[in-house]
Amino acid sequence: MSDAASRPMPRRFGQTTRRDAWWAWPAVVLVVLTGFIVYATWAAFQNAHYTYGPYLSPFYSPELFGSSPHALFGPKPEAWPGWLPFSPALLILGIPAGFRFTCYYYRGAYYKAFWADPPACAVGEPRKSYLGEQRFPLILQNIHRYFLYLALLFLLILVHDVWKALWFTNPSTGAVRFGVGLGTLVMAVNVVLLAGYTLGCHSLRHLVGGGIDRLSEHPFRMKSYACVSCLNRGHMRWAWPSLVSVAFTDLYIRLCSMGVWTDVRLF
């Protein structure tokens, strides 16, 4: 029997012998990621209602230029072209977005959901050949490790934002005092979830544990590798809650700023 005769026939798109609901998870990923992208894009272009008291939306942090007290370098530069939309979020949002877009886990998720590459294991694809990530544009996924370095910096900035969210200004006296609001807790939970996702990154696991022959001879790096590996095993469980928490944190601050929700001061 020839090799051609013994080779299995290629499946048509969607063809499979699987009897489970293989399409359910890709459908969920498609809906959730599409919803997040639509909301994040809309929120980024608003250039309004992204702060409330000491709270700053993670979509706008760090605020390099802007009209709020959180702006590091003052208002929008005068040289900014009038025809180009301005929003502090548009200056920085590409970094966390790039980190997630090039993430090893998210690649597998959105390749299935958006490109059906493949839609699921043992399910037919809408193409006959596999090109992989060796050609443009998917070869750009290799810059994930560099987005990691920036994401770690952004994580520290968000931790600082939580610290600032513990200090409230009395509008009548101008005095600043320590306190905790519901928004403080929302921002803190968001940072914890983002930390679990970022610190479990595959590239960070390689960074702390790679480049040496015997990890056991480096106790600190071995312990760090074990910690990152522990988070990495639940990477998917950190990826989705952290995605939702970023959007919810922005939504909470936005609705408080608009007067729709009232921030509860716990103490």
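All values reported here derive from a predicted model rather than from experimental measurement. (Residues numbered from 1 in each chain as written. Predicted model: local features only at pLDDT ≥ 70, side-chain atom pairs only at ≥ 80, totals over all residues. Heavy atoms only, no water.)

1. Side note on empty space enclosed by the protein
The cut-off we apply is this: Residues are called lining when one of their atoms sits within 4 Å of a cavity or pocket point, these points coming from a 1 Å grid over the protein atoms alone, where a cavity is a set in which a 1.4 Å probe fits but cannot get out and a pocket is an open set with protein on both sides within 12 Å along at least five of seven lines. Grid points are joined across faces, edges and corners, and a volume is the space filled by probe spheres set on the points. Only DSSP runs of H or I reaching four residues or more are called helices, and only runs of E reaching two or more are called strands; each is numbered from the N terminus. Any residue outside Ala, Val, Leu, Ile, Met, Phe, Trp, Tyr, Cys, Pro, Asp, Glu, Lys and Arg is labelled polar, Gly included; the first ten of those are nonpolar and the last four are charged.
In the structure shown here, the tally under the stated rule is one cavity of 30 Å³ or more. Here the largest cavity is characterised by a volume of approximately 50 Å³. Looking at the largest cavity, the residues that line it are L56, S57, P58, L158, D161, V162, M187, N190, V191 and T249. Contributing elements (two or more residues each) for the lining of the largest cavity: helix 6 (144–164) and helix 7 (182–198). For the lining of the largest cavity, the per-class residue count stands at six nonpolar, three polar and one charged.

2. Digging into the packing of helix 8 (residues 202–209) against helix 9 (residues 219–233)
Between two packed helices, what matters for the description is the angle formed by their axes and the separation of those axes. Heads up, the condition is: Lines are fitted to the C-alpha atoms to define the axes, a helix being fitted only along its stretch in contact, and any angle between axes, read from their N-to-C directions, falls within 0 to 180 degrees. To sort the angles, those under 35 degrees are grouped as roughly parallel, those over 145 as roughly antiparallel, those from 65 to 115 as roughly perpendicular, and the leftovers as oblique. By definition, turning the near helix anticlockwise from the far helix through less than a right angle yields a left-handed crossing, and turning it clockwise yields a right-handed one. Residue contacts follow a heavy-atom distance rule, with two residues in contact if any of their heavy atoms lie within 4.5 Å.
Following both chains from N to C, one finds helix 8 and helix 9 inclined at 165 degrees, their axes separated by 8 Å at the closest point. In terms of orientation, helix 8 lies roughly antiparallel with respect to helix 9. In the packing of helix 8 onto helix 9, the handedness of the crossing is left-handed. Contacts between helix 8 and helix 9 involve H202, L204, R205, L207, V208 and G209 on the former and, on the latter, R221, S224, Y225, V228, S229 and N232. Among the residues forming the contact of helix 8 with helix 9, the class breakdown is five nonpolar, five polar and two charged.

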